Amino acid sequence: MRSLRAALAAAAPDAGEEAAARLALPRPPRVVGGYRPLGGEIDPGPLMRRLAEGGAALAMPTAVGPDAPLIYRAWSEGDLLAPDAAGVPAPTPAAALAAPDLVIAPVLAFDRTGGRLGQGGGHFDRTLAMLRAAGEVFVVGLAFAGQEIEAIPREPHDEALDAILTEKAYIVVEKDF
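Enquirer: With reference to specific residues and values, describe the pairing of strand S2 (residues 57-62).
Expert: In terms of residue burial, S2 counts as a mostly covered element, since five of its six residues are buried. By the bridge criterion, three bridges tie strand S1 (residues 31-33) to S2 in an arrangement that is parallel. Bridged to Val32 within S2 is Leu58. What joins S1 to S2 is helix H3 (residues 45-53), and the crossover it makes is right-handed. For S2 and strand S3 (residues 71-74), the ladder comprises four bridges, and the chain directions are antiparallel. Bridging from a neighbouring strand, Met60 pairs with Arg73 of S3.

Enquirer: Which residues make up the side chain of Gln147, and what values do they have?
Expert: With respect to the helices and strands, Gln147 occurs in the loop between strand S10 (138-142) and strand S11 (163-165). Gln147 has contacts with Met1, Arg5, Leu8, Val107, Leu108, Ala109 and Phe110, leaving out every residue within four places of it along the chain.

Calculation criteria
Residues numbered from 1 in each chain as written. Predicted model: local features only at pLDDT ≥ 70, side-chain atom pairs only at ≥ 80, totals over all residues. Heavy atoms only, no water. Buried < 20%, exposed > 50% of the residue type's maximum accessible area, 1.4 Å probe, protein only. Helix = DSSP H or I, 4+ residues; strand = E, 2+ residues; numbered from the N terminus. Pairing = 2+ DSSP bridges. Right-handed = clockwise from strand over helix to strand, strands pointing away. Contact = heavy atoms within 4.5 Å.

See the structure below:
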């Protein structure tokens, strides 16, 4: 899947812009948690800029330990970033803590039931569980359409996506309650 994602990224350098144009949220977010793209992930920058233009504050995740949930810190384009505990550029400790009500999640693979395969460390699952326990949060997986598979194997700790946004579609996950 990593090789496939890298090939999709090379073939569609404007996928982030195309995806941003397709977003149709149920309500405007107050705080958007984005991410720094790695390994061929779609750049959420165009989507984050669109949401900020609509009045949302922006935040970026920070890894604080190998098994800890990520924390979010306030972020604006041009802010100083420094490597976090995972070596990923993140806001510095001087940036205020933030609680996103919309999280843009990177995706290695997805299915239409909200299943998401990430990088395998469980950071986003722990983070989403923590955020959902504290309040309402809407989670949009950002992926290339070609990353869709029939079914993601799930474990009890896996957190589902509420929607998937690709360069070709906005897919709202139907919840079975």
